[in-house]
Amino acid sequence: MTTTPAPPTGGPVSRLSRLALPWAVTRLGFQRQFAYPQAALWGLITNSFFGLLRVAVLLALFGTRPQVAGYTPQDAITYTGLTQAFIMAFSLFGWFDFMRVIHRGEVTADLLRPASLLGFWAAQDAGRALGQMALRGLPMLLIFQVIWGLNWPPGPLAWAQVTLSVLLAWACGFLFRFLVNCAAFWSPDAVGFGRFAWAVLGLGCGFLMPLAFFPEWFRALLAWTPFPGMLNTVVELWVGVTTGPAAWAALGTQLGWTLALLLACQVTLRAGLRRLEVAGG
């Protein structure tokens, strides 16, 4: 009698499957954003309306002055277009997906997947961010370009720095959001904590107002936090407020905070999973 040998579990095929999983999850996360195109359209209309209001407020702040804190009126318009474009891609208004999975006990299913829990959620959020950027971010930039015109990065080096900054801003923001969602391991009502965190994020990342417009002491305080790297750094590199060695220093700061938040997420997630109880066990 012959027996069929069991397939190897650690061979090249298995390793290839594990490498392919994050890309598949990212692709599905991207495709999921196109399931409700009408919702995306109305979201774009809403964002455009509030973008118009924000432009009016900022231009009124300038008055007849040609420059405020290194920003020209055209820079301020570009700032508004960028921040409106990145609202959904960076989930600046909040993100509770992982928190809900913990509260419903569905996190146990995630643990059965052949991938790290943090890596799985990062891949999923990357696809979501790309989808939102395609559906709402790029059209928003086009709207601002048609109505007012935007300032664009001046050359290949500036574009490379902005692209790297966008990737780091997403990574830093995702890790912060994931860390906040981990509060659900310890509290059945962690949503309130999350809402407070998003309010701090909106102020500290420069969404409500360019950080250059704030007092020096407040900007010095924010420099000790990861929040400017989640949006403000992208804007300042894009409009040219930060250039030269300062641009590379800003990117290094983004990278440093990303690595620090990654470590914090890993430690917190490990502690939360030890505490996790599903169905009494």
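Definitions and limits used
In this numbering scheme, every chain counts its residues from 1 along its sequence in written order. In keeping with the model being predicted, local features are shown solely for residues with a pLDDT of at least 70 and side-chain atom pairs are shown and tallied solely at 80 or more, while totals for entire chains, interfaces and linings include all residues. Hydrogens and waters are ignored; side-chain quantities use all the structure's heavy atoms. Secondary structure is summarised from DSSP: a helix means a run of H or I of at least four residues, a strand means a run of E of at least two, and numbering begins at the N terminus for each. A 1.4 Å probe rolled over the protein chains alone gives each residue an accessible area, and that area as a share of the maximum for its type sets the label: buried under 20%, exposed over 50%, partly exposed in between. Contacts between residues were defined by any pair of non-hydrogen atoms, one from each residue, lying within 4.5 Å. Surface accessibility in these figures is a Shrake-Rupley result with a 1.4 Å probe; residues are shielded only by whichever protein chains are displayed. Counting rule applied: Lys, Arg positive; Asp, Glu negative; His and chain ends not counted. Lys charges are placed at NZ, Arg charges at CZ, Asp charges at CG and Glu charges at CD. The set of buried Ala, Val, Leu, Ile, Met, Phe, Trp, Tyr and Cys residues whose side-chain atoms join them within 4.5 Å is what this entry labels a nonpolar core. Between the rings of Phe, Tyr and Trp (Trp by its six-membered ring), a pair exists once the centres lie within 6.5 Å; its type follows the angle of the planes, with under 30 degrees stacked, over 60 edge-to-face, and the other angles tilted. How far a helix is expected to stretch is found by multiplying one less than its residue total by 1.5 Å. Put simply, a patch holds well-exposed residues, over 30% relative accessible area, that have no salt bridge, with like charges counted together within 9 Å and Val, Leu, Ile, Met, Phe, Trp or Tyr side chains within 5 Å. Whenever a carboxyl oxygen of Asp or Glu lies within 4 Å of a side-chain nitrogen of Lys or Arg, that contact is scored as a salt bridge. To get an axis, a line is fitted to the C-alpha atoms, and for a helix only the part in contact is used. The angle between two axes follows their N-to-C directions and goes from 0 to 180 degrees. Reported orientations rely on four angle classes, namely roughly parallel under 35 degrees, roughly antiparallel over 145, roughly perpendicular from 65 to 115, and oblique for the rest. Should the near helix be turned anticlockwise from the far one by less than a right angle, the crossing is termed left-handed; should it be turned clockwise, right-handed. Residues are sorted three ways: Asp, Glu, Lys and Arg are charged, Ala, Val, Leu, Ile, Met, Phe, Trp, Tyr, Cys and Pro are nonpolar, and all the rest, Gly among them, are polar.

Side note on the overall build of the protein
Argument step 1. In terms of regular secondary structure, the protein is built from eleven helices and zero strands.
Argument step 2. Secondary structure of the protein in N-to-C order comes out as α-α-α-α-α-α-α-α-α-α-α.
Argument step 3. Considered along the principal axes of its C-alpha atoms, the protein spans approximately 90 × 40 × 40 Å.
Argument step 4. Looking at the 281 residues of the protein, the share that counts as buried comes to 47%.
Argument step 5. The contacts of the protein with a sequence gap of at least 6 include a subset with a gap of at least 24, amounting to 79%.
Argument step 6. Split by element, the accessible area of the protein, about 14900 Å² in all, is 70% carbon and sulfur.
Argument step 7. The centroid of the 17 positive side-chain charges in the protein is displaced by 5 Å from the centroid of its 9 negative side-chain charges.

Some points on the nonpolar core
Argument step 1. By size, the foremost hydrophobic cluster in this structure holds 74 residues, and its most contacted members are Phe98, Trp121, Phe174, Phe176 and Phe178.
Argument step 2. Taken together, the elements giving at least two residues each to this core come down to helix 2 (37-62), helix 3 (73-85), helix 4 (97-104), helix 6 (117-147), helix 7 (156-181), helix 8 (191-204), helix 10 (232-239) and helix 11 (245-275).
Argument step 3. Counting residues per element, this core draws most heavily on helix 6, which supplies twelve residues.
Argument step 4. Once residues lying within four places of it in the same chain are set aside, the contact partners of Phe98 are Val107, Leu117, Trp121, Phe178, Asn181, Cys182, Phe185 and Leu269.

Digging into the packing of aromatic side chains
Argument step 1. For the coordinates displayed, the defined rule picks out 24 aromatic pairs.
Argument step 2. Arranged with centres 6.1 Å apart and planes meeting at 70°, the rings of Phe98 and Phe185 form a pair that is edge-to-face. Placement of the pair is Phe98 in helix 4 and Phe185 in the loop between helix 7 and helix 8, with a sequence separation of 87 residues.
Argument step 3. On the numbers, 5.4 Å between centres and 45° between planes, the contact of Trp152 with Trp238 is tilted. Residue Trp152 is located in the loop between helix 6 and helix 7, and its partner Trp238 is located in helix 10; the two are separated by 86 residues in the primary sequence.

Overview of the side chain of Arg54
Argument step 1. Residue placement: Arg54 occurs in helix 2.
Argument step 2. For Arg54, the contacting residues outside a window of four places in its chain are Tyr79, Thr80, Thr83, Gln84, Phe207 and Leu208.

Side note on helix 11
Argument step 1. For helix 11, which comprises 31 residues, the first-to-last C-alpha distance of 45 Å matches the rise-based estimate of 45 Å (1.5 Å per residue) to within 8%.
Argument step 2. All of the buried residues along helix 11 are Ala247, Ala250, Leu251, Gln254, Thr258, Leu261, Cys265, Leu269 and Gly272.
Argument step 3. Among the structural elements, helix 4, helix 6, helix 7 and helix 10 are those in contact with the buried residues of helix 11.

A word on a nonpolar patch on the surface
Argument step 1. Taken together, Leu52, Leu142, Val146 and Ile147 make up a surface patch of nonpolar side chains, about 400 Å² in accessible area.
Argument step 2. Top contributing element to the nonpolar patch by residue count: helix 6, with three residues.
Argument step 3. As for its position among the elements, Ile147 is in helix 6.
Argument step 4. Judged by relative accessible area, Ile147 falls into the partly exposed class, the value being 48%.

Section: unusual backbone geometry
Argument step 1. You will see that Ala69, though not glycine, has its phi angle at about 55°, which is positive.
Argument step 2. Along the chain, Ala69 falls in the loop between helix 2 and helix 3.

Overview of the environment of Gln124
Argument step 1. With respect to the helices and strands, Gln124 occurs in helix 6.
Argument step 2. Taking the relative accessible area as the measure of exposure, Gln124 reaches 19% and is therefore buried.
Argument step 3. Placed 100 residues apart in sequence, Gln124 and Ala24 show a C-alpha to C-alpha distance of 9.0 Å.
Argument step 4. Look past the residues within four positions of Gln124 in its chain and what remains in contact with it is Val25, Gly29 and Arg32.

As for the side chain of Gln254
Argument step 1. Relative to the helices and strands, Gln254 is located in helix 11.
Argument step 2. Those residues in contact with Gln254 that lie beyond four places of it in its chain are Ser165, Leu168, Ala169, Gly229, Thr233 and Val234.

A short note on the packing of helix 10 against helix 11
Argument step 1. Contact geometry of helix 10 with helix 11 gives a least axis separation of 11 Å together with a crossing angle of 160°. Between helix 10 and helix 11, the angle falls in the class roughly antiparallel. Considering the relative orientation of helix 10 and helix 11, their crossing is left-handed. Residues Thr233, Val234 and Leu237 of helix 10 lie in contact with helix 11, whose contacting residues are Ala247, Ala250, Leu251 and Gln254.
Argument step 2. Across the contact of helix 10 with helix 11, the residue classes break down as five nonpolar, two polar and no charged.

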